[in-house]
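Okay, here's what each chain looks like letter by letter:
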There are 2 protein chains.
Amino acid sequence: MAFQLSHPPIEVVIVGAGPIGAGAAAAVARRPGLTLVAVVDTDPQKVGTELAGMTVRRELPPPSDEARVAVLTTSSSLARLEPLVLECLARGMAVVSTCEELAWPWSNPAVARRIDDAARNAGRGVLGTGVNPGFVMDALPLSLTAPCLRVDAVRVERVQDASTRRRPFQDKIGVGQDPAAVGEALAARRIGHVGLAESAAMVSARLGVATEAFVEERRVVVAEHVVERAGRRVEVGQALGVEQIGRATRGDHVVVELLFRATFGAERSWDRVLIEGEPRLDVRIEGGIPGDVATCAIVANAVPVVARAPGGLHTMADLPLVVASG
Amino acid sequence: MAFQLSHPPIEVVIVGAGPIGAGAAAAVARRPGLTLVAVVDTDPQKVGTELAGMTVRRELPPPSDEARVAVLTTSSSLARLEPLVLECLARGMAVVSTCEELAWPWSNPAVARRIDDAARNAGRGVLGTGVNPGFVMDALPLSLTAPCLRVDAVRVERVQDASTRRRPFQDKIGVGQDPAAVGEALAARRIGHVGLAESAAMVSARLGVATEAFVEERRVVVAEHVVERAGRRVEVGQALGVEQIGRATRGDHVVVELLFRATFGAERSWDRVLIEGEPRLDVRIEGGIPGDVATCAIVANAVPVVARAPGGLHTMADLPLVVASG
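Each value, and the rule that gives it
- Residues numbered from 1 in each chain as written.
- Chains lettered and ligands numbered in written order.
- Predicted model: local features only at pLDDT ≥ 70, side-chain atom pairs only at ≥ 80, totals over all residues.
- Heavy atoms only, no water.
- Helix = DSSP H or I, 4+ residues; strand = E, 2+ residues; numbered from the N terminus.
- Expected span 1.5 Å × (residues − 1).
- Buried < 20%, exposed > 50% of the residue type's maximum accessible area, 1.4 Å probe, protein only.
- Contact = heavy atoms within 4.5 Å.
- Buried area = accessible area lost by both parts, 1.4 Å probe.
- Salt bridge = Lys/Arg side-chain N within 4 Å of Asp/Glu carboxyl O.
- Polar contact = N/O pair within 3.5 Å; in protein donor to acceptor, adjacent residues only side chain to side chain.
- Nonpolar A, V, L, I, M, F, W, Y, C, P; charged D, E, K, R; others polar.
- Pairing = 2+ DSSP bridges.
- Axes fitted to C-alpha atoms, helices over the stretch in contact; angles between N-to-C directions.
- Parallel < 35°, antiparallel > 145°, perpendicular 65-115°, else oblique.
- Least-squares fit on C-alpha atoms with pLDDT ≥ 70 in both.

## Thoughts on helix H8 (residues 196-207) of chain B
Residues and elements named next belong to chain B.
- With twelve residues, H8 extends 17 Å from end C-alpha to end C-alpha; this agrees with the ideal 16 Å at 1.5 Å per step.
- With ten of twelve residues buried, H8 is to be regarded as a mostly interior element.
- Taken together, the buried positions of H8 are Leu196, Glu198, Ser199, Ala200, Met202, Val203, Ser204, Ala205, Arg206 and Leu207.

## A few points about the interface of chain B and chain A
- The interface of chain B with chain A comprises 55 residues on the first partner and 54 residues on the second.
- In total, chain B and chain A occlude about 4900 Å² of area from one another, counting both sides; carbon and sulfur atoms represent 68% of this.
- Remark: the boundary between chain B and chain A carries two salt bridges.
- Its salt-bridge partner being Arg30 of chain A, residue Glu278 of chain B comes within 3.6 Å of it at the nearest N-O pair.
- Between chain B and chain A we count eleven residue pairs in polar contact (both at pLDDT 80 or more) in total.
- Of all the secondary structure elements, the ones that give two or more residues to the side of chain B that touches chain A are helix H1 (19-30), helix H5 (139-144), strand S8 (150-161), H8, strand S15 (281-286) and helix H9 (291-308) of chain B.
- For the side of chain B that touches chain A, the residue count by class is 39 nonpolar, eight polar and eight charged.

## Concerning the pairing of strand S13 (residues 253-263) of chain A
Residue and element names in this part refer to chain A.
- Summarising burial for S13: eight of the eleven residues are buried, a large majority.
- As defined by bridge partners, strand S8 (residues 150-161) adjoins S13 across eight bridges and the pair is classed as parallel. Bridged to Arg155 within S13 is Glu257.
- Sheet topology places strand S12 (residues 239-250) next to S13; ten bridges connect them, and they run antiparallel. Residue Ala248 lies in a different strand from S13, and its bridge partner there is Val256.
- In textbook terms, the turn of a hairpin is the stretch between consecutive antiparallel strands, and for S12 and S13 this stretch comprises two residues, one of which, Gly251, has a positive phi near 60°.

## Re the packing of helix H2 (residues 78-90) of chain B against helix H4 (residues 109-122) of chain B
Residue and element names in this part refer to chain B.
- The geometry of H2 relative to H4 is characterised by a closest axis approach of 10 Å and an angle of 10° between their N-to-C directions. Looking at the two axes, H2 sits roughly parallel to H4. In contact with Leu78, Glu82, Val85, Leu86 and Leu89 of H2, H4 contributes Val111, Arg114, Ile115, Ala118, Ala119 and Ala122.
- Among the residues making up the contact of H2 with H4, the classes are represented as nine nonpolar, no polar and two charged.

## Things to note about the relation of the copies chain B and chain A
- Mapping chain B onto chain A calls for a screw motion: a turn of 180° about the axis and a shift of 0.0 Å along it, with 0.0 Å RMSD after fitting. Both chain copies can therefore be described as sitting about a two-fold axis. Residue Pro320 of chain B, judged by its C-alpha, is the member of chain B lying nearest the rotation axis, at 2.0 Å.
- Same-surface contact between copies: 98% of interface residues of chain B are shared with the interface of chain A.

## Details of the pairing of S15 of chain B
- Two strands pair when backbone bridges link them, and strand S15 (residues 281-286) of chain A and S15 of chain B are joined in this way by three bridges, in the antiparallel orientation. Bridge pairing in S15 of chain B places Arg284 of chain A opposite Arg284 of chain B.
- Two elements, strand S14 (residues 270-278) of chain B and S15 of chain B, share six bridges in a ladder whose sense is antiparallel. Bridging across to S15 of chain B, Ile275 of chain B finds its partner in Leu281 of chain B.
- In this structure, the hairpin formed by S14 of chain B and S15 of chain B is closed by a connection of two residues.

## Concerning the environment of Arg120 of chain A
All names here are of chain A.
- Mapped onto the elements, Arg120 comes out in helix H4 (residues 109-122).
- Along the sequence, Arg120 and Leu89 sit 31 residues apart, while their C-alpha atoms lie 9.6 Å from each other.
- When near neighbours in sequence (up to four residues on either side) are disregarded, Arg120 contacts Gly311 and Gly312.

In structure tokens, the structure reads:
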């Protein structure tokens, strides 16, 4: 049979006990075929606490004879994540990470090549994924091009009401803060969504289009009236959130356009994928895919696929379908 | 780099010069990286005619040293397709086919095992695909479960206005015919959509749910007033088309529900995928994915993926993403 419903269980080590690590640990613990064996964090405040039935430990566990995958939720920066990825590979573990820059690592070719070499030598797969980058703005639009004779452009919109998200997410988009300070932090990339460039690069590369430039506009959305939601109040003149538009172009032609807007109290949330081509496809997900739950889920769902993947640095664009199970 | 934008071109042989074969030939001819090398049909009326720049020939071409994929558009029946698949494999060709029963061949385990064995021995991949089965009701909903912690049920609706489709499709759903005769042909499975069972089985298997039963309701939709579209007129009391609902169940629980309705002059066409779970996702494609164009496209788009796949019988649920290119 092409599908064996029973595989030996895969051991999973979660590294990073923040909100996403905690959610991923819970998702792993409930997913059939996965066994959570350790949660690791270097923060002394977290070491010794309980998470998904495990006591958080400071160090990676000793190597195991079982297939083992490390789920890394510690950093958005590929450069900062690299030593940990290499250490996990050296211990025989495959790697799945929510590191945004790992979702399309080939924009950082030197680091990507080192990781790819180490992963090939170890015979273990490495994957960066998450809801975005990793799905809404890259793997999903790519999969939607399957029935197209021709693709001229891909446009994705992700518009979110931040009042339904956790506080660290609201902080990351400047909710309730001074717009000038938010604008400065946004321009310096200290806040805002990370991943538009990675998603655009993944889509272009997998479609076989050599884009020449990627430009991202980032602006602060300011409250024009008081917004009160979920026990929080944003005053007139304070920041409601951010809007970012990334465009990958070839000459004058926009090949990939990605709109991310997250504001406190937005009336609707939605995701939309528009494939301009033959045929044209307009795909809408009313309400949108909720970010945190989806990132934790996709990481857990990717574990079996990465555990069985050949050694090397993969992306969502070249692995078999990641799906939910059970 | 993980993605090489230039591979050696893949030679493609189209077998079956009907409407889908002709469309697939055109799609292959325009797709970068593919070279159409032959169109084959046993119909004496077609042999010697021109298609996509090729003269239709009666026999498969002699083996080639280049990577070569045969695209088979000759039959919906796996049993009838088997000898041709085995012959193509014996000639060193990988196989992509629009044969609906090949999309999920494991419901016919004896045939599937023979093809799988032959494909493994030949070191060539075999895939059944198309817009449906192959995408709208299986690969697409599966890919949409990636961000889900839990999936309780998958529901897909594909509702189509048949007046925009070619005449053989209208005939296949009984447009303008006597409802009693259409009902009989539908019950005997001589007409109607083929593939609900395959799609339901693929979704259940890939989600790891052992469903216990699959039941399909099939009914004729009858014109209650005159419908006139695209130069064709359907009278009151004649058949407008068909509605088919397939349900895969486990105990009392409907795990997969697939609705296919194609009627002449339907006011709207749409595809919709509903993932019931955590989170719940409601994904709508207004206008729907046009069937014929999409099937020809997905076949051409699958060729490079199947050419590089390991030997064996594959499905859309276990191959890397099939995407459009160029």
